[in-house]
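Working through the structure, step by step
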Amino acid sequence: MALLAGKVVVVLGASDSRGMGAATARRCLEEGAKVIIAARSAEKVAAVAETLGCIGARCDITQDNDLQQLTQMALSEYGQLNVAINFAGIEAGGSIAELDRETLLNSANVHFAGTALFIRFMAAAMGDTGGSIITTSSQTALLAAPGLAAYAGAKAGADHVMRIAANEYGKANIRVNAIAPGFTPTGMTEGYLQVPTIEPAFLKELALPRLPSTEDIANAAVWLASDQCFVTGDVLDVSGGQTLNRIPTVAEMMAEQ
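On to the overall build of the chain, then. Within the chain, the secondary structure is distributed over ten helices and seven strands. For the chain, whose C-alpha radius of gyration is 18 Å, the value lies close to the compact-globule estimate of 18 Å for 257 residues. With the C-alpha coordinates of the chain rotated into their principal frame, the extents come out at 55 × 40 × 35 Å. Looking at the chain as a whole, 48% of its 257 residues qualify as buried. Counting only contacts in the chain whose residues sit at least 6 apart along the sequence, the fraction spanning at least 24 positions is 73%. As displayed, the chain has an accessible area near 12,200 Å², and 52% of this comes from carbon and sulfur atoms.

With that out of the way, let us pick up the nonpolar core. Ranked by internal contacts, the top residues of the largest apolar core, which has 32 residues, are L12, L67, L70, F118, M122, I133 and V176. Elements represented by at least two residues in this core include exactly β1 (8–12), β2 (34–39), α3 (64–78), α4 (101–126), α6 (149–169) and β6 (174–181). Not counting residues up to four positions away in its chain, the partners in contact with L12 are A38, A39, C59, I61, L67, I85, N86, F87, A88 and F118. One finds C28, I85, I134 and A220 within the second-largest nonpolar core, a separate group that totals 30 residues.

With that settled, the discussion passes to the sheet that holds strand β4 (residues 83–86). The strands that make up a sheet are held in pairs by hydrogen bonds between backbone atoms, and each pair lies either parallel or antiparallel. Spatial strand order, β3-β2-β1-β4-β5-β6-β7: seven strands in an open sheet with parallel pairing. Of all the strands in the sheet, the pair left with one neighbour each is β3 (55–58) and β7 (235–238). Neighbouring strand axes in the sheet, compared pairwise and without regard to direction, differ in orientation by 20 degrees on average. Examined bridge by bridge, β4 and strand β5 (residues 131–136) share three bridges and lie parallel to one another. Residue pairing in the sheet places V83 in a bridge with S132 of β5. Of the strands in this sheet, β5, β6 and β7 touch α6, which is tilted by about 160 degrees from β6.

As for its placement among the helices and strands, L12 is situated in strand β1. Each C-alpha atom of the pair L12 and K171 lies 25 Å from the other, and the pair is 159 residues apart in sequence.

Summarising burial for helix α1 (residues 20–30): eight of the eleven residues are buried, a large majority. Taken together, the buried positions of α1 are occupied by M20, G21, A22, A23, T24, A25, R27 and C28. At its buried positions, α1 is contacted by β1, β2, α2 (42–52), β4, β6 and α9 (214–225).

In this section: unusual backbone geometry. Its identity is not glycine, yet N173 carries a phi of approximately 65 degrees, on the positive side. Secondary-structure assignment places N173 in the loop between α6 and β6.

This paragraph deals with the environment of Q228. By the element assignment, Q228 lies in the loop between α9 and β7. For Q228, a relative accessible area of 57% translates into the label exposed. Remark: the alpha-carbon pair of Q228 and L4, spanning 224 residues in sequence, is separated by 10.0 Å. When residues no more than four places from it in sequence are discounted, the contact partners of Q228 are L3 and W223.

Bringing the pattern of salt bridges into the picture now. On inspection of all chains with the given rule, the structure shows eight salt bridges. Across the salt bridge formed by E30 and R27, the nearest N and O atoms sit 3.2 Å from each other. Taken together, the residues span about one helical turn, with E30 and R27 both in helix α1 at a distance of three residues. With relative accessibility at 19%, the residue R27 sits in the buried group.

In this section: the side chain of D159. Relative to the helices and strands, D159 resides in helix α6. R163 provides the closest opposite charge to the buried, unpaired D159, separated from it by 4.8 Å. Excluding anything up to four places from it in sequence, D159 contacts S137, A141, A178 and V235.

Time to look at the packing of α3 against α4. Relative placement of two packed helices is described by the angle separating their axes and the distance separating the axes. Remark: α3 packs on α4, axes separated minimally by 10 Å, with the N-to-C direction vectors making an angle of 30 degrees. Judged on the interaxial angle alone, α4 and α3 are roughly parallel. Along this stretch, α3 crosses α4, giving a crossing that reads as right-handed. On the side of α3, the interface is formed by D64, L67, Q68, L70, T71 and L75, while α4 contributes L117, F118, F121, M122 and A125.

Cut-off values and rules
Residues numbered from 1 in each chain as written. Predicted model: local features only at pLDDT ≥ 70, side-chain atom pairs only at ≥ 80, totals over all residues. Heavy atoms only, no water. Helix = DSSP H or I, 4+ residues; strand = E, 2+ residues; numbered from the N terminus. Rg over C-alpha atoms; globule rule 2.2 N^0.38 Å. Buried < 20%, exposed > 50% of the residue type's maximum accessible area, 1.4 Å probe, protein only. Contact = heavy atoms within 4.5 Å. Areas by Shrake-Rupley, 256 points an atom, 1.4 Å probe, with all protein chains shown as cover. Core = buried A, V, L, I, M, F, W, Y, C linked by side-chain atoms within 4.5 Å. Pairing = 2+ DSSP bridges. Axes fitted to C-alpha atoms, helices over the stretch in contact; angles between N-to-C directions. Salt bridge = Lys/Arg side-chain N within 4 Å of Asp/Glu carboxyl O. Lys, Arg positive; Asp, Glu negative; His and termini not counted. Parallel < 35°, antiparallel > 145°, perpendicular 65-115°, else oblique. Left-handed = near helix turned anticlockwise from the far one by under 90°.

Listed below in structure tokens is the structure:
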């Protein structure tokens, strides 16, 4: 039997067909789920939804009304919400010496506050019937990589919110977990991978012999979403073993071969 047969799944952050959100939505559909994908860009999410053959919706994770409307769409279209997966994110780089308040607050608004309120509204729509909420952590929240304080700090804070949520919603049979992807080839990382030294620098720090793929992330999300999973409050590291070592430095990523 398909792992997600009869389940209604919302995937936020699916505006690029090459990304983790689209790959996860595709796998959920393959496993029998009814899927709604969402992203801040209505035009982009509509194009991905047409390709996948599912419903697309506009949703900005920094807007409470958008999150509530996304849950209402699931309830009005399908009468229930069983799984909610959040891949929404922005880039926020720079050393602490270079950081300004705007960069910190923008990252916190999307990755910290956005994650907390995503959990709140999705759990409310699930009610007492149970379900699975999955957020996206980062290797940068598990390893102290220089130059990523604004991004990693907000992600690490969101991970702790996730653990608290797992405690608060557990009695309603709602599991709350996070996935921490490794450096994964996607539309967002495509530009980085044009630099020929970046992939080898990451591969050197992995236990396994290749970079993770969007399909690896999607498979992990499907398992966390399924009734086979009896895990809550955990950060699932899908990096090929990077946390056994470290994130390469900028100098190593740009070093001449």
